[in-house]
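Notes for the structure review
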Amino acid sequence: MMSKNIGKQFIQGQRVAEHAASLESINATDYQPTGYIFSQASLNEVDLAAKAAHQAFLTYQNTSHEQRALFLDEIAIQIEGLGAELQEVAALETGLPLARLQGETARVTGQLRLFAELLRRGDVLGARIDTALPDRKPLPRVDLRQYKVGVGPVAVFGASNFPLAFSTAGGDTVAALAAGCSVVFKAHSGHMATAELVAQAIEKAIEICNMPRGTFNMIFGARVGANLVEHPLIQAAGFTGSLEGGMALFRLAQNRTQPIPFFAEMSSVNPVVVLPDALNARAEKIAQDTVASFNMGCGQFCTKPGLIIGIKSVEFDRFVEALIDSTRSAAPQVMLNRGTLKSYYQGIQNLVDASGFEHIASGLAPEMASQAQAHLFKADSSLLLKGHALLQHEVFGPMSVVVSVETKAELLQGLNALGGQLTATIIGDDSDLAEAADLLQTLTRKAGRVLFNGYPTGVEVCDAMVHGGPFPATSDARGTSVGTGAIDRFLRPVCYQNTPQALLPDALKDTNPLNIHRLINGQFTKNAI
C-alpha cells in the first residue's frame, strides 16, 4: 500500500516539499480524512516544475516516434501493475463504484496504447513536400517541406469527474507526451492520492524508457493553477472543469506577454431533441433511456443531457409523464465531493426560484449526506426561444429540463438561441429523419458531436471522436480532448526551405526512412522522391 504521509511534489524525478503536509485527501462518502496528506506547492516549486519541464523538452522533443510509443506503452503497463489498489483509492476519494473505475482504468491504458499506435502510423507528422521547380516560369519554386513538432512544455489540469481518464495520465497528458511535449500536471484536490499512484507509474516508465527527468512533473494544491498558466516557459494548457474556472485561466493565458493556446472544456447542456414519430412509437422507452443517461454516474458526465426538447403533442405529453415516472424511481448516488454536491443543490435551487421553470419530479430521497437526489424540471418554451441563461448553464448532477415548443420552426429557433455544445442528440424514426436535414444543419453549427438514436453519455476513444465544441462548451472549437485528434492541440507546423538532406528530419527526407504516407507535390504516397 502507498504510504499515507506523502506531501511532496514530483519535480524532475525528485520528490520536493517546501511546505509541511497540510492538504488532506477526503473520503467522498462520509467526508472524513482518508489519511493521505499532501503539501501545498509553493510558487518556487511551480517555477522549478516549469523549468524542469522546459529542460526535459529540449531533449524529449528529439525522441523518435517509436521511442515515445514504447514510453506510452510502458506507462500503460505500469498503471496496470498498480492492480486493484488504484481503483480502491480512487473509489475512496470520489465515491465512484469500483466497476466504473475498472472501466476507466481500461480506458486510460487503452488510450495510451492508441496514441502509441498513432505515433507508429506516422500520419500525425503531417509531412508535406513540394519539391523545387527551378525551371518554373515566371519564377522558380524553392524546395519546401513541412511537418509538425511539439509546442513545448504543457500545463495539464486534472478533472474532478474522471480521476483517471481526465487526470494524471488522461487524455491531455497522453496527447502532450505523444506530441513530444513535456508536462506539468496540476493534481485535482478531489483525488490527490489517486494522482499520486498514477504519477508513480509514469515516473517508473520514464526510468525504464530512459526518458529525460522532468518529462512529467506534478504539483498539488490550490491557488497555483494561475501561476502555472502564467509561467513564461509553459507553451500551452489543457483544462477540464467549470466555465468560471476555465475562463479565468483562459484570460490569464491570453493576457501573458506571450499568449498561449488554452484548451478548456467547460460547460454544455447537451440538448436531446425527440421527434414526433419516434415518440408515437416508443415514448416510454425513450423516456427511460433519457433519464438513465442524465442520471448515469450521478449526472457527473460533461456529456449529460441537461435539456430535452420536443414539439407539443399528445405523444409528447405522454413522454413527459414517462420522464416523471422514471425520475421518481431514480436512486440517489454519492457525488464526487462536498463542493460538487453543494453546487448541484444551488443549481437546483436557482431553477426552483426562477420564473418560467416548474419542478415536476424528484428521485428517491438521499440516505446519506453525500448523496444527490435526481430532479426534473419543465421550462416555458419562451425561455428557450430567448436563449434564457438558466437553459444555457450546466447544472452538474442528476437533473434535466424538458421543454415543448409549438412547431418545428420554434424548435429550430430555440436551438439557434443556444450556445455551443459538446453534443446534440436527435431521437427519431425513419419518417422523422427524412425531414431532419435542417435540424442536423442547425446542430452541426452548435455541437462538436451530433448523435442519432443514442445518448451522449459515454465517449469512445478513437480516431474519429470529437469531444469539443463551440463556446462555451470549449474555449477553442478547433480541437478535441478525446481521440487521437487531441494531439493536434499540442503540435505546430514547421517548414524547411532548401534544407540539406542530412539536416532534414526523417519524416521529410527523400528516402522516406519512416515509410509513412506523405503529401508530395499534391499526391499522397509512401514513395521515395
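Residues numbered from 1 in each chain as written. Predicted model: local features only at pLDDT ≥ 70, side-chain atom pairs only at ≥ 80, totals over all residues. Heavy atoms only, no water.

Some points on the sheet that holds strand 6 (residues 144-150)
Sheet strands pair via backbone hydrogen bonds, and the direction of the pair is either parallel or antiparallel. A sheet is described by the order of its strands in space; here five strands give the open sequence 21-6-5-22-23, paired in mixed fashion. Of all strands in the sheet, those bounded by a partner on one side alone are strand 21 (491-497) and strand 23 (523-525). Averaged over all neighbouring strand pairs, the angle between strand axes comes to 25 degrees, with direction disregarded. (Pairing = 2+ DSSP bridges. Helix = DSSP H or I, 4+ residues; strand = E, 2+ residues; numbered from the N terminus. Axes fitted to C-alpha atoms, helices over the stretch in contact; angles between N-to-C directions.)

Digging into the UniProt feature "domain: Aldehyde dehydrogenase" (unreviewed entry) in the protein chain
The UniProt record annotates "domain: Aldehyde dehydrogenase" (unreviewed entry) at residues 21-461. Span residues 21-461 is 44% helix and 20% strand, its end C-alpha atoms 37 Å apart. (UniProt positions renumbered as here; feature names shortened; annotations may be inferred.)

Quick look at the sheet that holds strand 19 (residues 421-427)
Read across the sheet, seven strands follow the order 15-17-18-13-12-19-20 without closing on themselves; strand pairing throughout is mixed. The strands lining the two open edges of the sheet, one partner per strand, are strand 15 (357-362) and strand 20 (447-452). Taking each pair of neighbouring strands and ignoring which way they run, the sheet shows an average axis angle of 20 degrees. Where strand 12 (residues 271-274) meets strand 19, three bridges bridge the pair, whose relative direction is parallel.

Description of the pattern of salt bridges
Within the structure shown, the criterion is met by 18 salt bridges. Of the charged contacts in the structure, one is a salt bridge between E66 and R120, with a shortest N-O distance of 3.0 Å. Residue E66 is located in helix 2 (residues 65-80), and its partner R120 is located in helix 4 (residues 98-121); the two are separated by 54 residues in the primary sequence. Note on R120: relative accessible area 39%, which makes it partly exposed. In this structure, the salt-bridge partner of R100 is E104, at a minimum N-O distance of 3.2 Å. Of this pair, R100 and E104 both sit in helix 4, four residues apart, roughly one helical turn. In this structure, a network of salt bridges that share partners links the residues E66, D73 and R120. (Salt bridge = Lys/Arg side-chain N within 4 Å of Asp/Glu carboxyl O. Buried < 20%, exposed > 50% of the residue type's maximum accessible area, 1.4 Å probe, protein only.)

Re the environment of L341
In this fold, L341 is placed in helix 11 (residues 338-353). Residue L341 is classed as buried on the basis of its relative accessible area, which comes to 8%. For the pair L341 and S189, spaced 152 residues apart in the sequence, the C-alpha separation amounts to 15 Å. Those residues in contact with L341 that lie beyond four places of it in its chain are Y31, M335, A369, S370, Q371 and A372. (Contact = heavy atoms within 4.5 Å.)

Digging into a negative patch on the surface
Judged by side-chain charge, E284, D317, E321 and D325 come together as a negatively charged surface patch. Top contributing element to the negative patch by residue count: helix 10 (residues 314-328), with three residues. With respect to the helices, strands and loops of the structure, D325 is situated in helix 10. Residue class for D325 comes out partly exposed when judged on its relative accessible area of 48%. (Patch = residues over 30% accessible without salt bridge, like charges linked within 9 Å, V, L, I, M, F, W, Y side chains within 5 Å. Areas by Shrake-Rupley, 256 points an atom, 1.4 Å probe, with all protein chains shown as cover. Lys, Arg positive; Asp, Glu negative; His and termini not counted. Charge placed at Lys NZ, Arg CZ, Asp CG, Glu CD.)

A look at the packing of aromatic side chains
Counting across every chain of the model gives 11 aromatic pairs. Considering the side-chain rings of F38 and F220, the 4.7 Å spacing of their centres and the 40 degrees angle between planes classify their relative orientation as tilted. Pair noted here: F38 is in strand 4 (residues 33-39) and F220 is in the loop between strand 9 (216-219) and helix 7 (225-230), with a separation of 182 residues, a long-range link. Taken together, the ring pairs connect F157, F239 and F262 into an aromatic cluster. Cation over ring: R107 sits above F162, and NZ or CZ is 5.5 Å from the ring centre. In this structure, R489 is placed above the aromatic ring of F263, and the distance from its NZ or CZ to the ring centre is 5.8 Å. (Phe/Tyr/Trp six-rings, centres within 6.5 Å; stacked < 30°, edge-to-face > 60°. Lys NZ or Arg CZ within 6 Å of the ring centre and 35° of its normal.)

Focus: helix 9 (residues 276-295)
Taking 1.5 Å per residue, 20 residues should reach 28 Å; helix 9 reaches only 24 Å between its end C-alpha atoms and comes up short. Maximal helix bending in helix 9 amounts to about 100 degrees, located at R282. Here helix 9 has its buried residues at A278, L279, A283, I286, A287, T290, V291, S293, F294 and N295. (Expected span 1.5 Å × (residues − 1). Bend = angle between axes of the 7 residues up to and from the residue.)

A closer look at the side chain of S400
In this fold, S400 is placed in strand 18 (residues 399-405). The class of S400 is buried, set by a relative accessible area of 0%. In this structure the side chain of S400 is engaged in a polar contact, spanning 3.0 Å, whose partner is the backbone oxygen of P305. Sequence-distant contacts of S400, defined by excluding residues within four places in its chain, comprise F294, P305, G306, L307, I308, H375, L376 and F377. (Polar contact = N/O pair within 3.5 Å; in protein donor to acceptor, adjacent residues only side chain to side chain.)

Focus: the packing of helix 9 against helix 10
The geometry of helix 9 relative to helix 10 is characterised by a closest axis approach of 8 Å and an angle of 35 degrees between their N-to-C directions. Note on packing geometry: the crossing formed by helix 9 with helix 10 is right-handed. Between helix 9 and helix 10, the residues in contact are L279, N280, A283, E284, I286, A287, Q288, T290, V291 and F294 and E315, F316, R318, F319, A322, L323, S326 and T327, respectively. A class-by-class count of the residues in the contact of helix 9 with helix 10 yields 10 nonpolar, five polar and three charged. (Left-handed = near helix turned anticlockwise from the far one by under 90°. Nonpolar A, V, L, I, M, F, W, Y, C, P; charged D, E, K, R; others polar.)

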